[in-house]
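If you want the building blocks of each chain, they are given just below.
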Amino acid sequence: MTASKKRVVFCDFDGTITVNDNIIAIIRHFNPAGWEPIAQDVIAERKTIRQGVGELFALLPSSMRDEVIRFAVSQAIIRPGFEKFVQFCHEESIDLYVTSGGIDFFVYPLLEPFGIPSNRIYCNGSDFSGETVRITWPHDCQEPCNNDCGMCKPTIVRKFPPEQYERIVIGDSVTDFAAAKQVEFVYARSHLIEKCEQLHISYAPFDTFYDIIEHMKHNE
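So, here's what we can say about the structure. From a predicted model like this one, the values you see are computed outputs, not experimental measurements.

Moving on to the packing of aromatic side chains. Per the counting criterion, the structure on display carries 15 aromatic pairs. Centroid distance Phe10 to Phe160: 5.4 Å. Interplanar angle 70 degrees. Geometry classified as edge-to-face. Here Phe160 lies in the loop between helix 7 (153–157) and strand 5 (165–171) and Phe10 lies in strand 1 (residues 6–11), a separation of 150 residues in the sequence. Ring-pair connections join several aromatic residues into one group, and the members of that group are Phe10, Tyr97, Tyr122, Phe160 and Tyr165. Above the face of the Phe128 ring, Arg65 is positioned so that its terminal group lies 5.5 Å from the ring centre.

This brings us to the packing of helix 2 (residues 35–43) against helix 3 (residues 49–57). The interhelical angle for the contact between helix 2 and helix 3, taken along N-to-C directions, is 165 degrees, at an axis separation of 9 Å. The angle between helix 2 and helix 3 falls in the class roughly antiparallel. In the crossing of helix 2 with helix 3, the sense of the turn from one axis to the other is left-handed. Residues Trp35, Ile38, Ala39 and Val42 of helix 2 pack against Ile49, Gly52, Glu55 and Leu56 of helix 3. Counted by class, the contact of helix 2 with helix 3 contains six nonpolar, one polar and one charged residues.

Let us look at the environment of Val107. Structurally, Val107 is set in helix 6 (residues 104–111). Take Val107: its relative accessible area is 0%, and that puts it in the buried class. Taking C-alpha positions, Val107 is 9.4 Å from Asn22, a pair spaced 85 residues apart along the chain. Residues contacting Val107, with those up to four places away along its chain left out, are Phe13, Ser100, Gly102, Ile121 and Cys123.

As a further point, take the pattern of salt bridges. Taken as a whole and assessed by the stated rule, the structure comprises 14 salt bridges. A salt bridge links Asp95 to Arg120, with the shortest nitrogen-to-oxygen separation between them at 3.5 Å. Remark: Arg120 occurs in the loop between helix 6 and strand 3 (121–127) and Asp95 occurs in strand 2 (residues 95–103); sequence separation between them is 25 residues. Residue classification places Asp95 among the buried residues on the basis of a relative accessible area of 14%. Asp172 is the partner of Arg189 in a salt bridge, and the nearest nitrogen-oxygen pair spans 3.8 Å. Of the two residues, Arg189 sits in the loop between strand 6 (185–188) and helix 9 (191–199) while Asp172 sits in the loop between strand 5 and helix 8 (177–180), which places them 17 residues apart along the sequence.

Moving on: helix 2. Within the span of helix 2, buried status applies to Trp35, Ile38, Ala39, Asp41 and Val42. Viewed end-on, helix 2 has its buried residues packed into an arc of 160 degrees, placing them on one side of the element. Where helix 2 is buried, its residues meet helix 1 (22–30) and helix 3. Positive backbone phi, at 65 degrees, marks Glu45, one or two positions downstream of helix 2.

Turning our eyes to something else, we now look at the pairing of strand 3. Among the seven residues that make up strand 3, five are buried, leaving the element largely enclosed by the rest of the structure. With three bridges joining them, strand 2 and strand 3 adopt parallel strand pairing. Of the residues in strand 3, the one forming a bridge with Ile103 is Asn124. One crossover worth recording links strand 2 to the parallel strand 3 by way of helix 6, and it is right-handed. Of the pairings in the sheet, the one linking strand 3 to strand 4 (residues 134–136) comprises three bridges and is antiparallel in character. Residue pairing across strands places Ser126 opposite Ile135, the latter belonging to strand 4. Counted between consecutive antiparallel strands, the loop separating strand 3 from strand 4 contains six residues.

Thresholds, definitions, all that
- Residues numbered from 1 in each chain as written.
- Predicted model: local features only at pLDDT ≥ 70, side-chain atom pairs only at ≥ 80, totals over all residues.
- Heavy atoms only, no water.
- Phe/Tyr/Trp six-rings, centres within 6.5 Å; stacked < 30°, edge-to-face > 60°.
- Helix = DSSP H or I, 4+ residues; strand = E, 2+ residues; numbered from the N terminus.
- Lys NZ or Arg CZ within 6 Å of the ring centre and 35° of its normal.
- Axes fitted to C-alpha atoms, helices over the stretch in contact; angles between N-to-C directions.
- Parallel < 35°, antiparallel > 145°, perpendicular 65-115°, else oblique.
- Left-handed = near helix turned anticlockwise from the far one by under 90°.
- Contact = heavy atoms within 4.5 Å.
- Nonpolar A, V, L, I, M, F, W, Y, C, P; charged D, E, K, R; others polar.
- Buried < 20%, exposed > 50% of the residue type's maximum accessible area, 1.4 Å probe, protein only.
- Salt bridge = Lys/Arg side-chain N within 4 Å of Asp/Glu carboxyl O.
- Arc of directions from axis to C-beta.
- Pairing = 2+ DSSP bridges.
- Right-handed = clockwise from strand over helix to strand, strands pointing away.

Written as structure tokens, this is what we have:
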């Protein structure tokens, strides 16, 4: 890693900061008819993330708002070492951004204990005013990205030019693929490991955030 450049981390939320994928956990728990083919299409990249996530939540009636939020927050498990990692980034002057394909009604409550400024948390929004849950997309794709990401991680990464920043992605799955192609280093688990190996992207595997801290300490 390059000491002369400012380090900036873009950290995924679902399946990364949390042990589980919260969107799938919510949909699986409430089990609306027809959700499984949609989820499979997103994982296989037959549907865009924006299309698939929008369709999944549209299967839930807005009248279930409180029940959905309560379940989402109660079932999430924070991956070991995340609190220490936030502290490590602060001590080492590493800029930490949470870049999440998740939804505001569970991302913000779950991150609140860690003191991450709200302007460093990027996620999708939610609207419960209609008959079914509508997902809103305040951080959608900007040119040249046309992947219909929903919450566009590549667009956020491009705000940090490689001439000034050493850019690091931490993630696990389909929402991280496009961003991983752009940055200097990736900490990967699950599907993202396979993608990094296919594309010959520089990465290190991790299980907990303690693994990432140790790797960063030894590669400064």
